[in-house]
Amino acid sequence: MKKMSHKMQQLLLSVVLLGMAACTGDFADINRNPNEVTDEQLQANNYKVGTNIKTLQGLVVPTQEHMYQFLESIVGGPYAGYIGATVDTWEAKFETFNPSADWRKWPFVNVISETYPAYRAIINGTDDVAAHALAKLFRIAIMQRVSDSYGPIPYTKIMENKTESLEVPYDTQEEAYMQMFAELEEVIAALKDNLTLPSDAFGRYDGVYSGNISQWLKFANSLKLRMAMRLTEVKPDLAKSKAAEAIAAGVITTNADNAAMATTDNRTTLIYNDWGDHRVGADIINYMNGYKDPRREKMFTTVKLKENGQEIQGYAGIRIGINVSSKSQAVSSYCNMIVTSTTPYMWMNAAEVTFLHAEYELRWGSRETAKSLYEQAIRLSFEERGASGADTYIADNTSQPAAYNDPVGKHSVATPQSSVTIAWDESAADIETNLEKIITQKWIAIFPLGTEAWAEHRRTGYPKLLPVVENKSGGAVDINLGARRLPYPVEEYTENPANLQAAIADLNSESVNGAGDTQGTRVWWDRKTF
């Protein structure tokens, strides 16, 4: 792609996004012809495109409290072993595999219908290369999460239709992924060609990197690495080549480049601190308790527990997939996640990317390099959380996840979920021994990114999670495997039936078990034998 001159870059970005003072000063020196846009028109266009950029950013990991609650607290969090519901009137919910019709629409209909008006407004409203690149990048980040949750989704046909209608054919998950990879290459090329854009050109609307194109380039490569590693079981050669390209091009390696969206008010405080609808899951607390993990105090509140007849402050999580008998008891008995109004919304951190790189080396490169990256990833996580003792933690080759002792006394489990230890096993001849370590530690490091952690759990089988207590799927879900995808919303059955039935046929054809539109059907990339 042809590189724009510095002056043209400033001009186009100012037209598209902001009209900041630094750029409008340049306009005063330009001799406009009668057909050139006025300053007033520039300001209107700047605002529209800028706010649409912000809208898309707010959908990658949703910033609106109800959208976040459904996608991360109600779906991704429980399926990842992160979060359990405390509400005693929720008898139909995702974590017991029987969500109500009105709940089923949120992760699909609501996300798609809110994404495309903003995306179209940018793609159809400007010719600016950098604005298009960012819009495409955000759409990929949003829709990869949707596809990972469902399998086939409407993707290419939505834009081909050139209308606001969502009643369009679906792509298979393989088709969607291949198109996302192709678009991601375009994004990366465009960002490379515009690295000299000043960060203040559109920083006002950028809640993640404040307009720093070089950081967006690292994120794009890191997203490519994340997507590539998702394909290890279905297209290992493609996974290897795409991952190698991403790593060579430059990914996130320091916490200074973490992708996290800052807002004036983190609305998840309503979900966790005000409404109290959720508490931290038993699974992650069990692992971190067994490891005596110093990051616990940075991530979770404590609760009163009894130990050897003495009352102490400690950490206990709620068993996921239960019928809650008393919300007030659940709220007071189990740990909450620590979140404040100034906490940014995590998208991707250096620890995750370094763990992905470690897995790449474990599978296709140097075991020695894999060990080094694994240990570096843990250090990065400790640094990000502000915890000390990383080196002692890394060297621990004896601590294992703890068994679950329910402080309410109802759902305890005598046997730990796993016996995986922390320290790298240099004597292991197989991949699985150290793969479990990588994925388990990555799972801890990316909390509370439930949707991503759930996808990785399905891909690898790690971390090993407790089975739900109440399986209300009618036999569609094997509790030892957990939910493998989400069912399509009722709205698709009534408003887009022909295309939906074709999508379900595609789902079955690219799945290893082809069980139809159920939560037990495995998506295209979910191929590992358990």
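Small disclaimer: the values here were computed from a predicted structure and weren't measured.

Cut-offs applied
- Residues numbered from 1 in each chain as written.
- Predicted model: local features only at pLDDT ≥ 70, side-chain atom pairs only at ≥ 80, totals over all residues.
- Heavy atoms only, no water.
- Helix = DSSP H or I, 4+ residues; strand = E, 2+ residues; numbered from the N terminus.
- Rg over C-alpha atoms; globule rule 2.2 N^0.38 Å.
- Buried < 20%, exposed > 50% of the residue type's maximum accessible area, 1.4 Å probe, protein only.
- Contact = heavy atoms within 4.5 Å.
- Areas by Shrake-Rupley, 256 points an atom, 1.4 Å probe, with all protein chains shown as cover.
- 1 Å grid on protein atoms, 1.4 Å probe; cavity = no way out; pocket = protein on both sides within 12 Å on 5 of 7 lines; lining within 4 Å.
- Points joined across faces, edges and corners; volume = space filled by probe spheres on them.
- Nonpolar A, V, L, I, M, F, W, Y, C, P; charged D, E, K, R; others polar.
- Salt bridge = Lys/Arg side-chain N within 4 Å of Asp/Glu carboxyl O.
- Core = buried A, V, L, I, M, F, W, Y, C linked by side-chain atoms within 4.5 Å.
- Polar contact = N/O pair within 3.5 Å; in protein donor to acceptor, adjacent residues only side chain to side chain.
- pLDDT = per-residue confidence, 0-100.
- Phe/Tyr/Trp six-rings, centres within 6.5 Å; stacked < 30°, edge-to-face > 60°.
- Pairing = 2+ DSSP bridges.
- Axes fitted to C-alpha atoms, helices over the stretch in contact; angles between N-to-C directions.
- Parallel < 35°, antiparallel > 145°, perpendicular 65-115°, else oblique.
- Left-handed = near helix turned anticlockwise from the far one by under 90°.

Asker: So what exactly am I meant to see when it comes to the overall build of the chain here?
Answerer: Looking only at helices and strands, one finds 22 helices and six strands in the chain. Computed over its C-alpha atoms, the radius of gyration of the chain comes to 23 Å, within 12% of the 24 Å expected for a compact globule of 530 residues. By principal-axis analysis of the C-alpha atoms, the chain measures approximately 85 × 55 × 45 Å. Counting every position in the chain, which comprises 530 residues, the buried fraction comes to 59%. When contacts within the chain are restricted to residue pairs at least 6 apart in sequence, long-range pairs at least 24 apart make up 75% of them. Carbon and sulfur atoms provide 48% of the accessible area of the chain, an area that totals close to 20100 Å².

Asker: I would appreciate a short explanation of the layout of surface pockets in the present structure.
Answerer: In this approach a probe as big as a water molecule rolls over the atoms, and the regions it shows empty are the leftover space. Quantified by volume, the largest pocket comes out at close to 460 Å³. Elements with a contribution of two residues or more to the lining of the largest pocket: strand S2 (259–261), helix H12 (268–275), helix H14 (296–299), strand S6 (345–348) and helix H17 (367–385). At three residues, the largest contribution of residues to the lining of the largest pocket is made by S6. Split by residue class, the lining of the largest pocket holds 16 nonpolar, six polar and three charged.

Asker: In this structure, what is going on with the pattern of salt bridges? I would like to understand it.
Answerer: For side chains of opposite charge, pairing can occur when their charged atoms come near one another. Counted according to the given criterion, the structure contains 29 salt bridges. For the salt bridge of Lys327 with Asp277, the shortest nitrogen-to-oxygen distance reads 2.8 Å. Taken together, the residues span a long stretch of sequence, with Lys327 in helix H15 (residues 327–333) and Asp277 in the loop between H12 and strand S3 (278–280) at a distance of 50 residues. Two residues, Arg459 and Glu456, come together in a salt bridge whose shortest N-O distance is 2.8 Å. Taken together, the residues span about one helical turn, with Arg459 and Glu456 both in helix H20 (residues 450–460) at a distance of three residues. For the pair shown, Arg459 and Glu456 are each scored as buried. Connected via shared salt-bridge partners are Asp148, Arg226, Arg230, Glu233, Glu352, Glu359, Arg363, Lys442, Glu452, Glu456 and Arg459.

Asker: Hey, could you run me through the nonpolar core in this one?
Answerer: Side chains of nonpolar character tend, in soluble globular proteins, to be buried together. Ranked by size, the top nonpolar core spans 151 residues in total, and within it Trp216, Phe219, Phe300 and Trp347 carry the most contacts. It is helix H7 (residues 129–150) that contributes the most residues to this core, 13 residues altogether. Residues Ile318, Ile322, Ala330 and Tyr404 belong to the second largest nonpolar core, which totals eight residues.

Asker: Whenever I open this one, empty space enclosed by the protein confuses me. Can you help?
Answerer: Summed over the entire model, instances satisfying the criterion amount to four cavities of 30 Å³ or more. Here the largest cavity defines a volume of roughly 90 Å³. Around the largest cavity, the lining residues are Val60, Val61, Ala141, Gln144, Arg145, Phe219, Leu223, Arg226, Trp347, Leu449 and Glu452. Elements represented by at least two residues in the lining of the largest cavity include exactly H7 and helix H10 (213–229). Tallied by class, residues from the lining of the largest cavity come to seven nonpolar, one polar and three charged. Volume-wise, the second largest cavity comes out at about 80 Å³. Considering the residues around the second largest cavity, the lining is formed by Leu71, Val75, Pro107, Arg145, Val146, Ser149, Tyr150, Thr451 and Leu486. Broken down by secondary-structure element, the contributors of at least two residues to the lining of the second largest cavity are helix H4 (65–79) and H7. Looking at the lining of the second largest cavity element by element, the count peaks at four residues for H7. Across the lining of the second largest cavity, the residue classes break down as six nonpolar, two polar and one charged.

Asker: Whenever I open this one, the side chain of Asp526 confuses me. Can you help?
Answerer: In this fold, Asp526 is placed in the segment after helix H22 (497–510). The class of Asp526 is buried, set by a relative accessible area of 0%. At 2.9 Å, the side chain of Asp526 forms a polar contact with the side chain of Arg522.

Asker: Looking at this structure, how should I read the confidence of the model for the chain?
Answerer: Should the pLDDT be low somewhere, the predicted coordinates at that spot are not to be read in detail. The predicted model of the chain has a mean per-residue pLDDT of 92, with 90% of residues at 70 or higher. In this model residues 1–39 is a low-confidence stretch, pLDDT under 50, and it forms 77 contacts with partners more than four residues away in sequence or in other chains.

Asker: Any chance you could explain the packing of aromatic side chains here in plain terms?
Answerer: Two aromatic rings are characterised by how far apart their centres lie and by the angle between their planes. Scanning all chains against the criterion turns up 31 aromatic pairs. Ring centres of Tyr287 and Tyr291 lie 6.4 Å apart, and the angle between their planes is 65 degrees; on these two criteria the pair is classed as edge-to-face. Residue class for Tyr287 comes out buried when judged on its relative accessible area of 0%. Judged by relative accessible area, which is 2%, Tyr291 ranks as buried.

Asker: In this structure, what is going on with the pairing of strand S4 (residues 303–307)? I would like to understand it.
Answerer: The pairing of S4 with strand S5 (residues 310–314) spans five bridges and is classified as antiparallel. Note that in S5 the partner of Lys304 across the bridge is Gln313. In this antiparallel pair of consecutive strands, S4 and S5, the connection spans two residues, and Asn308 shows a positive phi of 55 degrees.

Asker: I keep staring at the packing of helix H11 (residues 236–249) against helix H16 (residues 350–364) and nothing clicks. Help me out?
Answerer: Working note: a packed helix pair is described by the angle between its axes plus the distance between those axes. The geometry of H11 relative to H16 is characterised by a closest axis approach of 11 Å and an angle of 130 degrees between their N-to-C directions. Taken together, H11 and H16 sit at an angle that is classed as oblique. Where H11 crosses over H16, the two elements pack in a sense that is left-handed. Of the residues in H16, those touching H11 at Pro236, Ala239, Lys240, Ala243, Ala244 and Ile247 are His357, Tyr360 and Trp364.

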